[in-house]
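Secondary and tertiary structure notes
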Amino acid sequence: MAQEQNTPQGPNLTQGVALTDFVDGKLLGHVGDEAVLLVHSGGEIFAISAHCTHYHGPLAEGLVTGESVRCPWHHACFDLRTGEAERAPALSPVACWKVERRDGRIVVKDKREQPKPRGAMAKADAPQRIVIIGGGAAGFAAAEMLRRRDYRGSITMLSDDDAPPVDRPNLSKDYLAGSAPEDWLPLRPDDFYGENNIDLRLKAKVAGIDARQRQVALAGGERLSYDRLLLATGAEPVRLPIPGADQPHVHTLRSLADCRAIIELTKNARRAVVIGASFIGLEVAASLRTRGVEVHVAAPEARPMERVFGPALGDFVRALHEEHGVVFHLQDTVTAIDGKRAALKSGGTLDADLVVVGVGVRPRLALAEQAGLAIDRGLTVNEYLQTGAPDIYAAGDIARWPDPHSGERIRVEHWVVAERQGQAAAANMLGHKERFDSVPFFWSQHYDVPINYIGHAERWDTITIEGDVKAKDCLLRYSRDGRVLAVASVYRDLDSLKAELAMEQAAAR
Ligand SMILES: Cc1cc2nc3c(=O)[nH]c(=O)nc-3n(C[C@H](O)[C@H](O)[C@H](O)COP(=O)(O)OP(=O)(O)OC[C@H]3O[C@@H](n4cnc5c(N)ncnc54)[C@H](O)[C@@H]3O)c2cc1C
Ligand code: FES
């Protein structure tokens, strides 16, 4: 994910511009050395920082809807009036400037103090003690949102990981490839937790939940009481039950520790074998190629990612990796790993100084099961992300929720969904009633090519393709019975945002 350089373009906005200079309601300029975007919407002019606080996406290429602008890269959304990050994956606000109209010109003045967020704030009768199990996307976003909404009660975040919440998607992308510095990884600096009175406890494994007593039990025996509990235990990689999978050069990838162990091995590895040709496996393949390691990918399917993207995009992904030197062994699998040799089902062996297993994940449901909560291929929650126990909420990879867009109960493994669910659960734990009705979104990145996907289509009967897949300029619509369920795109960011808006509007009708 390349970060854009912040070289201010366009006019000096403190000197004034004319409304006729705007194109499609937007104008990019600068104030000093800061890039500023002017937006003309609803008869008003707003001035905000031109770059998204997630990965510096260019908001000038985003979609304006009323008083919000959506980022073209990963669909964060900012309030034009306050700058607040209304939708993850951005969590921090963008700066806003005062604007004046003088003699028919629009003049940008000083930066404004960050106003209070416009969302509903914590009420006086908010619960006293909130416990969050999970220090990942959903758990972190919930804690952050609780404090953003001025919640003053106690927040305890329990994570059995040894690292504070990190930007997990980066672990298979730029960080693994060696092109992102370490300081991109933490979702917040270490002092954020103390400063915000969030009791983040690492290496704290929760062993059980007593829903009747409203207590969680830590593996060490300590018990913590809660008024509201958020379960955000995520998912764990499926391990391959094959001989040799327990050797030190065989890894799955979920945590920062996993990622560091793989990076360490790449220092002396000539060749890696990746087992699995889905998202994690292929992103890892791309990152290892960037590090100059030879990569062979073995997977049972005929086309990479066909189950999610269909044949055209699957072929594109395969060709993209082959152009970068990846060798595929499709409709095949690794049956055993004997030292540095991986045996293929089809016969033959592959040399492997490093093996990365990316064959899917399983939601971590043990705690929910033990607490007697309803399980159906995930932890069942209602539209407010509440489980059958009214004080217990769930978010992220474990939650199966009623999705208004597909009309089905779904469970997904998407970063942005986990964060947005954490945020919605936070509001609901405070006594608000916020339906979780976001259109699911994920992105995947292979070398310099991002693929964005909105909606959810487990099955489809038609794929319509606009543009040219091979030319990396396309939008694919996945429909069933004439209804578009999902849209994938490569370098069609604005169209992807428009398709997302259309899905939101269709569900609201
Ligand atoms: C390498 C990698 C790359 C990815 N890339 C993308 C991407 O590009 N786009 C995308 O949309 N998605 C991506 N994902 C998926 C995305 O990261 C997940 O969907 C998201 O992290 C789910 O958030 P979560 O909070 O549900 O779970 P997690 O982020 O996994 O967090 C779960 C937390 O719960 C803790 N925990 C679990 N059980 C216990 C227990 N008993 N006691 C205490 N703590 C416990 C864990 O330690 C962890 O802190 C990627 C995932 C990985 C691993
Ligand atoms: S860069 Fe804006 S959402 Fe990621």
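On a predicted model such as this, the values are computed, not experimentally measured, just so you know.

Thresholds, definitions, all that
- Residues numbered from 1 in each chain as written.
- Chains lettered and ligands numbered in written order.
- Predicted model: local features only at pLDDT ≥ 70, side-chain atom pairs only at ≥ 80, totals over all residues.
- Heavy atoms only, no water.
- Pairing = 2+ DSSP bridges.
- Helix = DSSP H or I, 4+ residues; strand = E, 2+ residues; numbered from the N terminus.
- Axes fitted to C-alpha atoms, helices over the stretch in contact; angles between N-to-C directions.
- Parallel < 35°, antiparallel > 145°, perpendicular 65-115°, else oblique.
- Left-handed = near helix turned anticlockwise from the far one by under 90°.
- Contact = heavy atoms within 4.5 Å.
- Core = buried A, V, L, I, M, F, W, Y, C linked by side-chain atoms within 4.5 Å.
- Buried < 20%, exposed > 50% of the residue type's maximum accessible area, 1.4 Å probe, protein only.
- Expected span 1.5 Å × (residues − 1).

What follows deals with the sheet that holds strand 22 (residues 334-338). Two strands in a sheet stick together by hydrogen bonds in their backbones, pointing the same way (parallel) or opposite ways (antiparallel). Spatially, 3 strands are ordered 22-23-24 in an open sheet, and the strand pairing comes out antiparallel. Each end of this open sheet is capped by a strand with a single partner; those strands are strand 22 and strand 24 (349-351). Averaged over all pairs of adjacent strands, the angle between strand axes in this sheet comes to 25°, irrespective of strand direction. Where strand 23 (residues 341-344) lies against strand 24, 3 bridges are found, and the strand directions are antiparallel.

To continue, consider the packing of helix 1 (residues 137-148) against helix 8 (residues 415-429). Packed helix pairs are specified by the crossing angle of their axes together with the interaxial distance, meaning the distance between the axes. Contact geometry for helix 1 and helix 8: axes closest at 7 Å, N-to-C directions at 40°. Looking at the two axes, helix 1 sits oblique to helix 8. Relative to helix 8, helix 1 is oriented so that their crossing is right-handed. Side by side, helix 1 and helix 8 meet where A137, A138, A141, A142, M145, L146 and R148 of the first sit next to W415, A418, E419, G422, Q423, A426 and M429 of the second.

Core analysis: the biggest nonpolar cluster contains 68 residues, and I132, L146, I209, V216, L230 and L231 have the highest contact counts within it. Counting residues per element, this core draws most heavily on helix 8, which supplies 8 residues. With residues near it in sequence (within four places) discarded, I209 still touches I133, Q215, V216, Y226, L229, L231, L367, Q370, A371 and I392. In this structure, I262, V308, F328 and C474 belong to the second largest nonpolar core, which totals 52 residues.

Under the 1.5 Å per step criterion, the end-to-end length of helix 1 is 16 Å for 12 residues, consistent within 8% with the ideal 16 Å. Buried within helix 1 are the following residues: A137, A138, G139, F140, A141, A142, A143, E144, M145, L146, R147 and R148. Trailing helix 1 by a residue or two, D150 shows a phi angle of about 70°, which is positive.

In short, geometric facts, not functional conclusions.
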